[in-house]
Amino acid sequence: MLKRHYRRTQDTVCHLAERSLALCRDIDNDEPFVQAELVREALARTGQAQRIIAIGEHGVGKSSLLSGLIEEPSIKAVGFETPCLCWRFLRSEDELPSRYLPNDRLDGLELVDTFGSGNEQAADSIAALLPTADVVIAVFSGDNIWSAPTWELLGKMPEDAPGIRLIALTHCERYMPDKVMAIKEQARELSRQYLGTELPLYQVSPGANIQGTGLDVFAERMQDALDSADTLQRRIKEVYQATVLLMDAQASVLRTRERITRGDSGFLLSIDHEIDNFQNSQEDGIPSQIQSIGHLIQQHVPGLIRNLSRHLGIFITPAGMMNLRRTGEMADRDFFDVLSDEIEKRQEAQDRAFIFACQEHWASVRPRMKQKLDSEIGEFPMAEFQEDLARLRTELRRALYKPINKFGLKTFLVKLCNQQEPWMRRTIYFALLFVIISGTLGSFGQNFFALVSLCLAAGIWFVGSLALLLEKRRIGKRIQTLTEDLPRAINEGLQLPVRQLLVSRVASYRRLYTKPRLKVSRNAEQLAPLVARHSELYKALRSVGYHL
């Protein structure tokens, strides 16, 4: 019975349209393609279902006719409370009351069953729906073909509406052939009288699948009407024409890019050579920068010794003894923080000089870009460039800790501090012991001996503090000896990070030309596939156009 035709043509055209939209995204033009929006709108319209509306008096067999056309017994007559009921096979978002019957064969069709046209309120609702129909079936019973409301409702369909109108005669099987012929002639006369034209007329028995009643013939005629409906063909043609316009615009952009790529690649290559020379000059400064970091480390070693001495304290105390392990760790962390902060400050100063040099080069390239390629690259993107350089400085700071940690400075400091714990514990132990003895003797009235014990405790504490001072000097000398090789170790560990920093810094500047370069030229390897895809799509689209 009924089914959705033109599916293959529609699917082919829509598929090519979708591929052309995907090609727009891959082309990535500076200005969006205006034609792409036309293609999207046309695709949205062609996705609308074909609508068949059955009108007529109550009881003439509209619901049975629609049910027989699609071989679906679920369609029942509508009541007064629902003047128009749409049977859909594809979900839609309009406000028309709907029932859904999943059927792949009927996907894309809508069957609208209506209440009797003799009801004025229902007739107004039906008349408003007629301009949206692809096919309108006016159903008349052989008993009452003079139904004026149905003819008047049929005449309300606008002349410029794309829908096709058909007449279906039902309940004629009870009459003799001569009588049926007379009824058909009267129906044709009424069509000319009310509509000014003679509509196609078919005798139909709406009983489901009764052979020989004309239902099969009517279904074929309905199928022909759907296939020739102006709305669907027009929508497919709109998609086709909009896609052709879009692909013509794409062809223009691709031709321009091919011309620029061929004619101006030498100029872009010269800019890359200038940046390469710029990078070579930066790499020449790597040894001096590494050497300056080594001198900086030697300058901060005395600060490390003073900081460790400050953490150890002036006098020997229980708290100082308990924090010996943390003392080494804190000294190592403070040394790294001071050293990395100083290196970062120096790097910031070098970055400022680098930014100034890049700005001068950018200023020299900008007018040449305008003259050679007719492209405005704009002002130097300072914020974006500074953000990249800040990220590179952070990476260098992280890389600095690796050689320091590998050298074992933290382990050495913690070990030195832990070595002080035994003698400091004994010293504090004996000092506290004599203090306790002094207190005990004093409680028994032995003041002289108590004073002697207290003096001994003070002497032990004083000797311990003096020993701490001597140990701090000894620790300072050992740190001085150890750190003589620290600059060399850090220099070896920072060779690669500093080189990567300088190379990445130049690479960040080179990336600033990516967008201007894409504005004026696409790489030939990227452009060739786009041209090939466009050519393939255009040929396929033109071949489909011959069938439209």
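Residues numbered from 1 in each chain as written. Predicted model: local features only at pLDDT ≥ 70, side-chain atom pairs only at ≥ 80, totals over all residues. Heavy atoms only, no water.

I tried to follow the pairing of strand β5 (residues 135-141) on my own but got confused; where do I start?
Successive side chains on a regular strand alternate, one facing one side of the sheet and the next facing the other. Of all 7 residues making up β5, 7 are buried, and the element is well covered by its neighbours. Neither face of β5 is left uncovered, since the one carrying V135, I137, V139 and S141 and the one carrying V136, A138 and F140 both have all their residues buried. Strand direction decides the pairing type here: strand β1 (residues 50-55) and β5, joined by 4 bridges, are parallel. In the strand pairing of β5, I53 is matched with V136. Summarising the sheet, β5 and strand β6 (residues 164-170) pair through 7 bridges and their orientation is parallel. Bridging across to β6, A138 finds its partner in I167. With respect to chirality, the unit in which β5 leads through helix α5 (residues 148-155) into the neighbouring parallel β6 is right-handed. (Buried < 20%, exposed > 50% of the residue type's maximum accessible area, 1.4 Å probe, protein only. Helix = DSSP H or I, 4+ residues; strand = E, 2+ residues; numbered from the N terminus. Pairing = 2+ DSSP bridges. Right-handed = clockwise from strand over helix to strand, strands pointing away.)

Mind showing me how you'd approach the confidence of the model for the protein here?
Any region with low pLDDT has predicted coordinates that should not be read closely. Residues of the protein with pLDDT of at least 70 account for 84%, and the chain-wide mean is 77. Confidence over residues 208-212 falls short of pLDDT 50; this stretch has 4 contacts with residues more than four positions distant or in other chains. (pLDDT = per-residue confidence, 0-100. Contact = heavy atoms within 4.5 Å.)

Even after reading the chapter, I still don't get the side chain of S63, so can you show me in this structure?
Following the sequence through the fold, S63 ends up in helix α3 (residues 62-70). Given the relative accessible area of 10%, S63 is considered buried.

In this structure, what is going on with the packing of aromatic side chains? I would like to understand it.
Ring pairs (aromatic) are described by centroid distance and by the angle formed between their planes. Using the criterion set out here, one finds 7 aromatic pairs in the structure. Taking the centre distance of 4.5 Å and the plane angle of 25° together, the rings of F140 and W151 count as stacked. Note that F140 is positioned in strand β5 and W151 in helix α5, a separation of 11 residues in sequence. In this structure, F140 and W151 share a single accessibility class: buried. Note on W151: relative accessible area 1%, which makes it buried. One aromatic cluster is present, built from ring pairs that chain together F354, W362, F380 and F385. (Phe/Tyr/Trp six-rings, centres within 6.5 Å; stacked < 30°, edge-to-face > 60°.)

Explain empty space enclosed by the protein to me, please; I cannot follow it from the model alone.
Any empty space left between the atoms is revealed when a probe the size of a water molecule rolls over them. This structure, assessed with the given rule, holds 2 cavities of 30 Å³ or more. Residue lining of the largest cavity: Q289, S292, I293, I343, R346, Q347, Q350 and L396, and that is the complete set. Of all the elements in the fold, those that place two or more residues in the lining of the largest cavity are α9 (286-312) and α11 (324-373). Among the elements that take part in the lining of the largest cavity, α11 stands out by supplying 4 residues, more than any other. Of the residues contributing to the lining of the largest cavity, the split by class is 3 nonpolar, 4 polar and 1 charged. If you trace the second largest cavity, you find it lined by S340, I343, E344, R393, L396, R397, L400 and L494. Where the lining of the second largest cavity is concerned, the elements lending two or more residues are α11 and α12 (382-407). Looking at the lining of the second largest cavity, the element that brings in the most residues is α12, giving 4 residues. (1 Å grid on protein atoms, 1.4 Å probe; cavity = no way out; pocket = protein on both sides within 12 Å on 5 of 7 lines; lining within 4 Å. Points joined across faces, edges and corners; volume = space filled by probe spheres on them. Nonpolar A, V, L, I, M, F, W, Y, C, P; charged D, E, K, R; others polar.)

Is there a simple way to explain the packing of helix α14 (residues 421-443) against helix α15 (residues 447-482) in this structure?
Each pair of packed helices gets described by two things: the angle between the helix axes and the distance between those axes. Their axes nearest at 7 Å, the elements α14 and α15 cross at an angle of 165°. When the axes of α14 and α15 are compared, the pair comes out roughly antiparallel. Between α14 and α15 lies a crossing of left-handed hand. Contacts between α14 and α15 involve W423, T427, F430, A431, F434, V435, I437, S438, L441 and G442 on the former and, on the latter, N447, F449, A450, S453, L454, L456, A457, I460, G464, A467, L468 and E471. (Axes fitted to C-alpha atoms, helices over the stretch in contact; angles between N-to-C directions. Parallel < 35°, antiparallel > 145°, perpendicular 65-115°, else oblique. Left-handed = near helix turned anticlockwise from the far one by under 90°.)

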